[in-house]
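Secondary and tertiary structure notes
Here's the letter readout for the chains.
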Amino acid sequence: MSRILGQFGTDIAPFVLRGAADQAEADGRVLRGGGWALAGGRASTAGGVSAVLAGRLDVRLPLLTRLEARGRAVAEHDHAALVRAAYEADGPAFTERLQGGYAVALADTRGAPLLVLATDDTGSVPLYYHWDPVRRALRFATELPALIALLPDRPSLAEPGFDAYLTVGGALGGATVIDGVRTLPPATTAVYERGRDLRLIRRSPAGTPQVPGPGRGTPGERDRRRGAGPAAEALLGTPDEGAALLRDAAGTDLPCAGPATDGTPGAPRPAGSRLPDAGSVPSGAQVPGAGRESRERRCADRDRTASGASAAGAPAAGADPHPLDRRAARDLPRLLPALAWRLGLPEADPGALVAYAAYGSARRQGLGTVLASDAADVLVGGRRRVELAVGDTSPDWAARYVESLAPVPAAHRARLYSRDYAAYLADRGDAAREPVARIGAEADRRSRRATLTAFELDEVFPARGPRRTAALGGAHGVRGVLPGSARRLWAATEPFASHVPVGGAGPARALSELLVPGGVLMDFVRETLSPSRLRASGLLSRRSVERLLGAQLTRPSERLAGTVWALVMFELWRDEYAVTVRRPVRPAVRAKSPADLPALTRRTLTL
């Protein structure tokens, strides 16, 4: 999977850029000039315009014909050159004619130096950026480890970031919990010229293009589409409903790739859950073969084999053990810091560990592209939240909906925060206040369902789906794709909304079973959440954390285990990136005087 990074506004030494690229394991060229530098695996430069590309373009005949007519013919397999030629032809509006999953960066030095960043319509390749107002420099990368390596100073935690992490799973609206670091929204082009402010240009998504399914096009058409990227070779075998959704969405014979599920395969496929127009899928997900029954039988056979081996006390032959299985849990103290570093942001969902192991297993099986069931499961969970909120008749339905996003319940959060941080939030307002007010106001103008659907697809899904899939898959060199746009898949999640997950199938249950007296994880958890660590940040009450661990040991539950996991992953992330935390300061107390003071008057003295 290609990656890009760079800096614009100040000079940067090549070794600094290469060192940052090593953090993301990004091999490729370095293009640089006076006050700018770009790096990426796919790069092209000519005539004062340089371009780097992450992801792939869906190369279409109209684009090639238009470039040829403009006298800018390039080879269709050179996607970076296509991006450069399209920009030379249309300027910053060049993305209107690009299709595919991509993030691009261009430096135009034909006149006043100009930087252009752009993301595709669905945000399938995240692009992070940081604006330095002191140095007047803009830094960007498709992976956070690389961007953090480019920063001149240690990253710092945004003051409301910790509460946003525990309340809604992370900062929304394009922000991150790292101060000054944001993500470029989907379907957005950013233009920066020295001496001016960064301009963000939003465009209307044109929708995911559809092409004939496998075997339905002419040989010439199939050859033309060959540049759109490799076919999905397998379905990521995570034990969630996203896998069941994508089995229908692909409509083709896909094997399962991933660790043994210990008898917890994905949820059964509800009747009638097939995608609309399933005869055609986007070119990035074309897979040869046919036969829904053989596909489901193959996945079921694999899960039964894993389950039987688990009962016998040994992993299935040829399958990696589940990362939360007791046999593999001894590796978690080594694996979790690596996971925190790969993600670049704290992750409160233990399902990220399962997906991380599944992508690693897919890589060991020699796979390069898989259907991202972990991202599809985010859509299924979002659809279930929307349906519950639509049927909620209580006056505080918006607050209850936002609370359903919380990795840590509000009651736990209130007890866990330190006194100073709790006072800071009481004065400023917690992370739930703004989305509750915004959702409520929007629901007054249009239907509740439309409001919540837009919120899930525009804010929640980009933060929890493509961002995490890109980080986890990219860590192992595996590309996770979806067989259609998020909006198209959303329409297919309806049958899953009423399905209640089988108890014990989720990673939270397996995690709870590990956090018990004598469990292999408890010593590691106590070390990570030690009083000295918590005292350094000043965000958590040490006594409350100790009570939380005691409650999990005496009354184990998925909710308590999930809270412990969220705190552990935050501390590991803070340690991996040496994140500085500005200790919260209590707001000034505006106390009223107990007695009225006499009014001061001006007296004139006559001598």
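Residues numbered from 1 in each chain as written. Predicted model: local features only at pLDDT ≥ 70, side-chain atom pairs only at ≥ 80, totals over all residues. Heavy atoms only, no water.

The subject of this paragraph is the sheet that holds strand 9 (residues 137-141). Two pairing modes exist for strands in a sheet, parallel and antiparallel, and in both the strands are linked by backbone hydrogen bonds. Spatially, 2-3-1-9-8-10 is the arrangement adopted by the 6 strands of the open sheet, whose pairing is antiparallel. Here the strands that pair on one side only, and so sit at the sheet edges, are strand 2 (29-33) and strand 10 (181-183). Taken pair by pair, the neighbouring strands of this sheet meet at an average axis angle of 15 degrees, ignoring direction. Here strand 8 (residues 128-132) pairs with strand 9 via 5 bridges, running antiparallel. Residue H130 lies in a different strand from strand 9, and its bridge partner there is R139. (Pairing = 2+ DSSP bridges. Helix = DSSP H or I, 4+ residues; strand = E, 2+ residues; numbered from the N terminus. Axes fitted to C-alpha atoms, helices over the stretch in contact; angles between N-to-C directions.)

Moving on, we get to the pairing of strand 6 (residues 100-108). Of all 9 residues in strand 6, 8 are buried; the element is thus mostly enclosed. As paired elements, strand 5 (residues 49-57) and strand 6 share 9 bridges and run antiparallel to each other. Along strand 6, the bridge assignment pairs A51 with L106. Alignment of strand 6 against strand 7 (residues 114-119), held across 6 bridges, turns out to be antiparallel. For V104, the partnering residue across the bridge sits in strand 7 and is A118. Counting the residues in the hairpin turn of strand 6 and strand 7 gives 5 residues. (Buried < 20%, exposed > 50% of the residue type's maximum accessible area, 1.4 Å probe, protein only.)

Once that is clear, we can look at the pattern of salt bridges. Counted under the stated rule, the structure contains 28 salt bridges. Among the ionic pairs, E347 bridges to R467, the shortest N-O distance being 3.5 Å. Taken together, the positions of E347 in the loop between helix 9 (332-343) and helix 10 (351-364) and R467 in helix 17 (residues 466-475) put the pair 120 residues apart, joining distant regions of the chain. Neither residue differs from the other here; E347 and R467 are each classed as buried. Across the pair E571 and R574 runs a salt bridge whose closest N-O atoms are separated by 2.8 Å. Of this pair, E571 and R574 both sit in helix 24 (residues 558-576), separated by 3 residues, roughly a single helical turn. (Salt bridge = Lys/Arg side-chain N within 4 Å of Asp/Glu carboxyl O.)

In this section: the sheet that holds strand 14 (residues 256-257). The 4 strands are arranged 14-13-15-16 in an open sheet whose pairing can be described as parallel. Strands at the two margins of the open sheet, each flanked by one partner only, are strand 14 and strand 16 (479-481). By the bridge criterion, 2 bridges tie strand 13 (residues 234-236) to strand 14 in an arrangement that is parallel. Directly across from L236, in strand 14, lies its bridge partner A257.

Turning next to the side chain of H130. The residue H130 is located in strand 8 in this model. Apart from the residues within four sequence positions on either side, H130 is in contact with A137, L138, R139, L147, L151, D179, G180 and V181. (Contact = heavy atoms within 4.5 Å.)

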